[in-house]
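# Remarks on the overall topology
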Amino acid sequence: MKHIFLAAAVLAAPLLFSVNAPAAEPMRALIVDGQNNHKVWPKTTQMMKSYLEDTKLFTVDVATAAPRGSDPNFKPEFGIYDVVVCNFGHGAARWPAETEKAFENFVGDGGGFVVVHAADNSFPDWTAYNEMIGIGGWGGRNEKSGPYVYTNNEGDLIRDTSAGRGGNHGKQWEFPVVVRDREHPITRGMPVEWLHAQDELYDQLRGPALNMQILATAESQVTKRHEPMIFTVKYGKGRVFHTPMGHAEYSQECVGFITTLQRGTEWAATGKVSIAIPDDFPTADRLSSRKYDE
Ligand SMILES: [Zn+2]
């Protein structure tokens, strides 16, 4: 009798564990990649995939375009996903017209979209893409692309229509990120200022910048402006989360980057954030990174 009881307890254990698991099916995320001037892109795709899967909120697929030219076979089924993360970069060839249209419909109809680092270099001539990312750089972007966007000292959004190139960065450094909106689900609970691991600080990004909300900035050593580091864009019914951070693997190992990516992706997918700020989140005077274990 005693043995039977023990066996029953062992059998029941997995059921007890399952009480703590998320009740709903995980959401589906898709990372798109394949062409990026950052040669580390296959690794950063895997890093972002594991960061998202670590939350237990997502299962993550990857769709990779052919390495050169427009890939006629690049036709991800966007509609089965809750959110798409872009890891394309500078110089990426346009997608087939039907794929671009399908993606515009996906986001416009309420899909989530996440833009990381050089993804805002991609596709300077794709009008809808530029509306989705809000602001971008390089690829011939200039005053015809839209205003420069940054904040003043008080955090008010400035739209600067002066002429000039779009996209620049100084030498990589460990820079403070200043949270400008402490009520938004993505940034709520973050320290007002936190130190980001070594990265490029993009400056002079410009674009349509419609329906754009800046949540955090960093002061550029080049422009002396408070450049957007965490921001959102509304595109149709869709939510876009954009961070220009994330140049290299050491940049993406920053707990600030990881948490921002996880929360931004959940927000893009659902409009809400349930992921907590972890105990090892960086502070104003302390960097915090997690070595990525392949
Ligand atoms: Zn870079």
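Refer to the structure printed above.
Next up on the list: the pattern of salt bridges. Taken as a whole, this structure holds 8 salt bridges when the rule is applied. R28 serves as the salt-bridge partner of D61, at 2.9 Å between the closest nitrogen and oxygen. On the criterion of sequence distance, the pair formed by D61 in strand 2 (residues 58-64) and R28 in strand 1 (residues 27-33) is long-range, its members being 33 residues apart. Note on R28: relative accessible area 32%, which makes it partly exposed. For K43, the salt bridge goes to E294, with nearest N and O atoms at 3.7 Å. With K43 in helix 2 (residues 41-54) and E294 in the segment after helix 6 (255-270), this residue pair connects regions lying 251 residues apart in the sequence. Of the residues examined, K43 reaches a relative accessible area of 25% and is grouped as partly exposed. When its relative accessible area of 77% is taken as the criterion, E294 is described as exposed.

Another aspect to go through is unusual backbone geometry. Even without being a glycine, K56 presents a positive backbone phi close to 65 degrees. Residue K56 is classed as exposed on the basis of its relative accessible area of 60%. Residue N211 is not a glycine yet carries a positive backbone phi of 50 degrees. The exposed category is assigned to N211, whose relative accessible area is 56%.

Another aspect to go through is the coordination of the zinc ion. Coordination of the zinc ion by the protein involves H38 (NE2), H117 (NE2), E200 (OE) and H247 (ND1), with metal-donor separations of 2.0 to 2.2 Å. Each of the 4 donor atoms bound to the zinc ion contributes to angles spanning 92 to 160 degrees, and the resulting shape is irregular. Each donor residue of the zinc ion lies on the same chain, and together they follow the pattern H-x78-H-x82-E-x46-H. Note that H117 is positioned in the loop between strand 4 (112-116) and helix 4 (127-133) and E200 in the loop between strand 9 (193-195) and strand 10 (202-203), a separation of 83 residues in sequence. By the burial criterion, H117 is buried, and E200 matches it.

The next point concerns the layout of surface pockets. Space left empty within the atom packing is revealed by a probe, the size of a water molecule, rolled over the atoms. In this model, the largest pocket occupies a volume close to 180 Å³. Considering the residues around the largest pocket, the lining is formed by 14 residues, among which P124, T127, N130, K144 and S145 are closest to the centre. A per-class count over the lining of the largest pocket returns 3 nonpolar, 6 polar and 5 charged.

Okay, the environment of N168 next. Summarising the element assignment, N168 is placed in strand 7 (residues 168-169). For the pair N168 and H226, spaced 58 residues apart in sequence, the C-alpha separation works out to 14 Å. In this view, N168 contacts W138, L201, Y202, D203, Q204 and V222; residues no more than four positions away in its chain are not counted.

This paragraph deals with empty space enclosed by the protein. In the structure shown here, the tally under the stated rule is 1 cavity of 30 Å³ or more. Reported here for the largest cavity is a volume of approximately 60 Å³. Looking at the largest cavity, it is lined by 13 residues, and the ones nearest its centre are N36, H38, N87, H117 and G246.

A separate point is the packing of helix 2 against helix 6. Following both chains from N to C, one finds helix 2 and helix 6 inclined at 65 degrees, their axes separated by 10 Å at the closest point. When the axis of helix 2 is compared with that of helix 6, the two are roughly perpendicular. Judged by the sense of rotation from one axis to the other, the crossing of helix 2 with helix 6 is right-handed. Where helix 2 abuts helix 6, its residues M48, Y51, L52 and D54 lie against F257, I258, L261, Q262 and T265. Classifying every residue of the contact of helix 2 with helix 6 gives 6 nonpolar, 2 polar and 1 charged.

What counts, and where the lines are drawn
Residues numbered from 1 in each chain as written. Predicted model: local features only at pLDDT ≥ 70, side-chain atom pairs only at ≥ 80, totals over all residues. Heavy atoms only, no water. Salt bridge = Lys/Arg side-chain N within 4 Å of Asp/Glu carboxyl O. Helix = DSSP H or I, 4+ residues; strand = E, 2+ residues; numbered from the N terminus. Buried < 20%, exposed > 50% of the residue type's maximum accessible area, 1.4 Å probe, protein only. Donors = N, O, S within 2.8 Å, 3.2 Å for Na, K, Ca; no water. Tetrahedral: all angles 85-135°; square planar, octahedral: opposite > 155°, others 65-115°. 1 Å grid on protein atoms, 1.4 Å probe; cavity = no way out; pocket = protein on both sides within 12 Å on 5 of 7 lines; lining within 4 Å. Points joined across faces, edges and corners; volume = space filled by probe spheres on them. Nonpolar A, V, L, I, M, F, W, Y, C, P; charged D, E, K, R; others polar. Contact = heavy atoms within 4.5 Å. Axes fitted to C-alpha atoms, helices over the stretch in contact; angles between N-to-C directions. Parallel < 35°, antiparallel > 145°, perpendicular 65-115°, else oblique. Left-handed = near helix turned anticlockwise from the far one by under 90°.

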